[in-house]
Amino acid sequence: MAGGLAKALPRAVAVGADVLQIFVANPRGWAPPAADPAGDATFAATCHLPVFVHAPYLLNFGSPSAETLARSTEALRFSLQRGAAIGALGVVMHAGSSVLGNRRDDAIAQVREHVLPVLDAVPDGPRLLVEPTAGGGGALASDAASLGAYLDALGRDQRIGVCLDTCHMHAAGHDLSTPKSFRAALRAYARAAGPGGIGLIHVNDSRDPAGSKRDRHEAIGHGTIGADAFSALFTTPVTRRVPMVVETSDTQHAADIATLTALRTAALL
Ligand SMILES: [Zn+2]
């Protein structure tokens, strides 16, 4: 989003992307940007690629802080409303964490209590995609088992889907470093997400080994997952037609997209 929404599409096209994920507010802050309905409408009318919005990182509906809850509610509402205005297919939000002093069950109940009314308030908003995190620090959903329990607690609401992140899956304890183990992990998460549950995949290599609980993305093929293993994304029925985006460093996007496109082409041969 650097330089404004109008620059996002040409930048995506320049690196060979066929799907786009953007922030519509400062990813590391709470304050929403100034409204720009005309710019949003222009973007919606001209963007020919599928678009997803990533909500700010600070959102945490598992937090015991009333202030964080109120700000998370406002920020999610904003992301859904602006997502609708720009024609986004989904809004990604991290599953959250319980933080010290809050029980996991209570924290998940709190997610349900506060997130569902926001979805009610923005009925024509994009689908909410919950992203399991790398684990540790009271994570509410990280590995496949915890994701299933989280979605159960949210009542399997059809307005809520899942955004997987391969770095997070690996860090959460599903070793993705071979095509076979990668496919098995995708199947486990797909079972947890339910039919049609996976709406998007963040494709990132990991700087740290499986089970590290650390969330440090690496360029595709330069981390502990390795390029070959990513072929699993294109040889598993559960990821068929699921859009994928890379969240590696900007300078790596073109190379990462080329690597993934080559793996996809090889899988189709
Ligand atoms: Zn991610």
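Residues numbered from 1 in each chain as written. Predicted model: local features only at pLDDT ≥ 70, side-chain atom pairs only at ≥ 80, totals over all residues.

Visitor: Help me understand the environment of Ala95 in this model?
Guide: Structurally, Ala95 is set in the loop between strand E3 (90-94) and helix H4 (104-121). Separated by 47 residues in the primary sequence, Ala95 and Ser142 have C-alpha atoms spaced 8.1 Å apart. Ala95 has contacts with Val130, Glu131, Pro132, Thr133, Ala139, Leu140, Ala141 and Tyr150, leaving out every residue within four places of it along the chain. (Helix = DSSP H or I, 4+ residues; strand = E, 2+ residues; numbered from the N terminus. Contact = placed C-beta atoms within 7 Å.)

Visitor: So what exactly am I meant to see when it comes to the nonpolar core here?
Guide: It is characteristic of soluble globular proteins that their nonpolar side chains tend to be buried jointly. Formed by 69 residues in total, the largest nonpolar core has its most connected members in Val91, Val92, Val130, Leu147, Tyr189, Val203 and Phe230. Looking at this core, the element that brings in the most residues is helix H7 (residues 179-193), giving seven residues. Here Val203 is in contact with Thr166, Ile220, Phe230, Leu233, Met244, Val245, Val246 and Leu260, once residues within four sequence places are set aside. (Core = buried A, V, L, I, M, F, W, Y, C linked by C-beta atoms within 7 Å. Buried ≥ 20, exposed ≤ 12 C-beta atoms within 10 Å, placed from the backbone.)

Visitor: Please clarify how the packing of helix H3 (residues 66-85) against H4 should be interpreted in this entry.
Guide: The description of two helices packed together rests on the angle between their axes and the distance between the axes. Where H3 meets H4, the axes come as close as 10 Å, and the angle between the chain directions of the two elements is 30°. As summarised for this structure, H3 and H4 are arranged roughly parallel, according to the angle between their axes. You can see that H3 and H4 cross each other, and the crossing is right-handed. Residues Leu69, Thr73, Leu76, Arg77 and Leu80 of H3 form the contact with H4, whose participating residues are His114, Val115, Val118 and Ala121. (Axes fitted to C-alpha atoms, helices over the stretch in contact; angles between N-to-C directions. Parallel < 35°, antiparallel > 145°, perpendicular 65-115°, else oblique. Left-handed = near helix turned anticlockwise from the far one by under 90°.)

Visitor: Explain the packing of helix H5 (residues 144-153) against H7 here, please?
Guide: Between H5 and H7, whose axes approach to 8 Å, the crossing angle comes to 10°. Classed by the angle they form, the pair H5 and H7 counts as roughly parallel. On H7, the residues touching Ala144, Leu147, Gly148 and Leu151 of H5 are Ala188, Tyr189, Ala192 and Ala193. Here the residues of the contact of H5 with H7 sort into seven nonpolar, one polar and no charged. (Nonpolar A, V, L, I, M, F, W, Y, C, P; charged D, E, K, R; others polar.)

Visitor: Where do I start with the sheet that holds strand E2 (residues 51-54) in this structure?
Guide: Strands belonging to one sheet form pairs held by backbone hydrogen bonds; the direction of such a pair is parallel or antiparallel. As summarised here, the arrangement of the seven strands in space is E1-E2-E3-E4-E5-E6-E9, forming an open sheet in which the pairing is parallel. Strands at the two margins of the open sheet, each flanked by one partner only, are strand E1 (20-22) and strand E9 (244-246). The average angle at which neighbouring strand axes cross in this sheet is 30°, direction not considered. Where strand E4 (residues 127-131) lies against strand E5 (residues 160-165), three bridges are found, and the strand directions are parallel. Bridge pairing in E5 links Leu129 to Gly161. (Pairing = 2+ DSSP bridges.)

Visitor: Is there a simple way to think about unusual backbone geometry in this case?
Guide: Only a minority of non-glycine residues have a phi that is not negative, and only a minority of peptide bonds are not trans. Despite not being glycine, Arg156 shows a phi value in the positive range, around 50°. Along the chain, the position of Arg156 falls in the loop between H5 and E5. One non-glycine residue, Lys213, adopts positive backbone phi at about 60°. With respect to the element layout, Lys213 can be found in the loop between strand E7 (205-206) and strand E8 (217-218).

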